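# Observations on the model geometry
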Amino acid sequence: MKSFLLKFSVIIIPVMVFVLSVSTASAAKLFFDVPTGVVTVGDKFPVDIRLDAEGQAINAAEVDFNYSVNIVRANNINLYHSIFVYRPVDPGFSNLVGAGSVVGGLPTPGFVGKSGLVAKVIMEAVKPGVMQLSFRPNSRVLLNDGLGTETHLSLVPNRLLVVAAPNGYKPNQPTGPLDAIPPLPFDVNIIRTPHAFNNQYFATFMAEDNESGIDHYEVIEVSGIDSVVQPEPTDLSWRVGESPHVMKLQHMPVTIFVKAVDRAGNIRIERGSFGSAPLRPNYGRIFALVLILFMLLCLAYFWGWFRDNRHKHVTHRPR
């Protein structure tokens with residue numbers, strides 16, 4: 001019996017080790033990159049969420065994480081230089097529960113690197129203690145295999161010590177590239193349907209910002225189309241809005257201006273219109289038509305005069 005167990009162990013243990021090593025090698029990894037050393041209360045510092053593809057081609061990720069809200073609070077989630085170019089929803093966080101989320105994707109061939117930046121979270125230290133960082137189990141990473149297959153994922157936590165601030169301490173601020181790029185151009189569409197908003201006209205729009213993300217939208221409605229002048233960004237008539245936006249001016253023609261504002265304060269203004277603009281008289285064409293008519297009348301007059309005089313000349317010709 002002992003001989004059988006020994007032989008079985010010799011065979012099965014290497015197989016199990018091989019299987020486990022293959023499984024581990026093929027597992028992508030999410031991890032936090034935090035500042036070295038310690039931070040002091042009052043400091044603002046970056047926490048990078050990074051992805052190790054472990055040799056696989058990664059197409060998308062849904063990352064949910066937690067942080068010690070009694071020690072730090074999140075100020076912003078920055079997507080500047082993120083590996084993900086598609087953001088179906090903006091990243092978000094809550095300092096009430098100490099949780100955040102980032103969703104993103106990228107086109108073929110996907111990401112295959114070792115330390116791809118998913119997002120940069122700007123934290124602020126508020127109390128001495130140990131800040132704990134962890135990923136929630138529902139986080140997932142999808143392969144670039146045409147099927148969106150969910151790959152094995154290793155979730156690596158991290159921690160950082162926060163110390164009390166001495167008297168006269170000047171808090172550190174994060175350094176790095178600032179977002180000076182406005183949101184991307186976007187369309188503003190105005191439609192109506194019997195199936196929504198009691199058949200009233202409404203506007204739909206969605207802007208994208210590849211750096212810091214969209215913070216909010218503002219709108220202005222103006223009667224008219226051709227003669228409408230785009231309002232200044234500081235115009236007091238701007239009102240916070242969202243898509244879909246039910247038009248307050250339901251009678252044609254109307255123009256709506258939509259201002260997209262990103263989290264760094266950069267803006268882009270686009271417009272949409274519905275209804276036909278009133279026709280304007282084309283004075284040049286009217287003048288040309290009058291001139292042609294006058295020339296035709298003159299031609300008809302001279303033709304009649306010529307014909308009458310020719311008839312008289314023929315009638316009174318001497319025999």
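Cut-offs and rules
Residues numbered from 1 in each chain as written. Predicted model: local features only at pLDDT ≥ 70, side-chain atom pairs only at ≥ 80, totals over all residues. Heavy atoms only, no water. Pairing = 2+ DSSP bridges. Helix = DSSP H or I, 4+ residues; strand = E, 2+ residues; numbered from the N terminus. Axes fitted to C-alpha atoms, helices over the stretch in contact; angles between N-to-C directions. Patch = residues over 30% accessible without salt bridge, like charges linked within 9 Å, V, L, I, M, F, W, Y side chains within 5 Å. Areas by Shrake-Rupley, 256 points an atom, 1.4 Å probe, with all protein chains shown as cover. Salt bridge = Lys/Arg side-chain N within 4 Å of Asp/Glu carboxyl O. Buried < 20%, exposed > 50% of the residue type's maximum accessible area, 1.4 Å probe, protein only. Polar contact = N/O pair within 3.5 Å; in protein donor to acceptor, adjacent residues only side chain to side chain. Contact = heavy atoms within 4.5 Å. pLDDT = per-residue confidence, 0-100. Core = buried A, V, L, I, M, F, W, Y, C linked by side-chain atoms within 4.5 Å.

Taken in spatial order, the 4 strands of this open sheet run E16-E15-E18-E19, and their pairing is antiparallel. With partners counted over all chains shown, the strands left at the sheet margins are strand E16 (239–241) and strand E19 (267–274), one partner each. The average angle at which neighbouring strand axes cross in this sheet is 35 degrees, direction not considered. As paired elements, strand E18 (residues 254–262) and E19 share 8 bridges and run antiparallel to each other. Pairing of Lys259 across the sheet is with Ile269, part of E19.

Attention now moves to unusual backbone geometry. Of note, the amide linkage connecting Thr108 to Pro109 takes the cis form, showing an omega dihedral of 15 degrees. Take Pro109: it is sitting in the loop between strand E7 (99–105) and strand E8 (116–125). That bond from Ser243 to Pro244 is cis: its omega, 0 degrees, falls within 30 degrees of zero. Inspection of the secondary structure assignment puts Pro244 in the loop between E16 and strand E17 (245–246). Residues other than glycine seldom take positive phi values, yet Glu54 does so here, at roughly 50 degrees.

Judged by side-chain polarity, Tyr301, Phe302, Trp303, Trp305 and Phe306 come together as a nonpolar surface patch covering roughly 660 Å² of accessible area. Structurally, Tyr301 is set in helix H2 (residues 283–315).

This brings us to the pairing of strand E9 (residues 129–135). In the sheet, strand E4 (residues 58–67) pairs with E9 via 3 bridges, with the strands oriented antiparallel. Looking at the pairing, Asn66 lines up with Ser134 of E9. Bridging between E9 and strand E12 (residues 158–163) involves 5 bridges; their strand directions are antiparallel. Each bridged residue has a counterpart across the sheet, and for Leu133 the counterpart in E12 is Asn158.

Turning to its location among the elements, Asp48 is positioned in strand E3 (residues 44–52). Given the relative accessible area of 8%, Asp48 is considered buried. Here Lys120 takes part through its side chain, which lies 2.8 Å from a polar atom of the side chain of Asp48. Setting aside residues no more than four positions away along its own chain, Asp48 makes contact with Phe31, Phe32, Asp33, Leu117, Ala119 and Lys120.

Our next topic: the pairing of strand E1 (residues 28–33). Two elements, E1 and strand E11 (residues 153–156), share 4 bridges in a ladder whose sense is parallel. When the bridges of E11 are listed, Leu30 appears paired with Leu155. Two strands pair when backbone bridges link them, and E1 and E3 are joined in this way by 5 bridges, in the antiparallel orientation. Note on E3: the bridge partner recorded for Phe31 is Arg50.

For the rest of this paragraph, the subject is the sheet that holds E17. Strands sit in the order E13-E14-E17 across an open sheet of 3 strands; the sheet is antiparallel. The outermost strands of the open sheet, each flanked by one partner alone, are strand E13 (188–191) and E17. As defined by bridge partners, E13 adjoins strand E14 (residues 202–205) across 4 bridges and the pair is classed as antiparallel. In the sheet register, Val188 faces E14, and the bridge partner there is Phe205.

For the chain, per-residue confidence averages 84 on the pLDDT scale, and residues scoring 70 or more make up 85% of the total. Per-element confidence in the chain ranges from a low mean pLDDT of 48 for helix H1 (residues 2–25) to a high of 97 for E9. Confidence over residues 17–25 falls short of pLDDT 50; this stretch has 1 contact with residues more than four positions distant or in other chains.

Right, let's talk about the nonpolar core for a bit. Core analysis: the largest hydrophobic core is formed by 37 residues, its most contacted members being Phe45, Leu51, Val118 and Met123. Elements with a contribution of two residues or more to this core: E1, E3, E4, strand E5 (72–78), E8, E9, strand E10 (140–143) and E12. Listed in part, the 16 residues of the second largest apolar core include Val188, Tyr201, Ile256 and Ala260.

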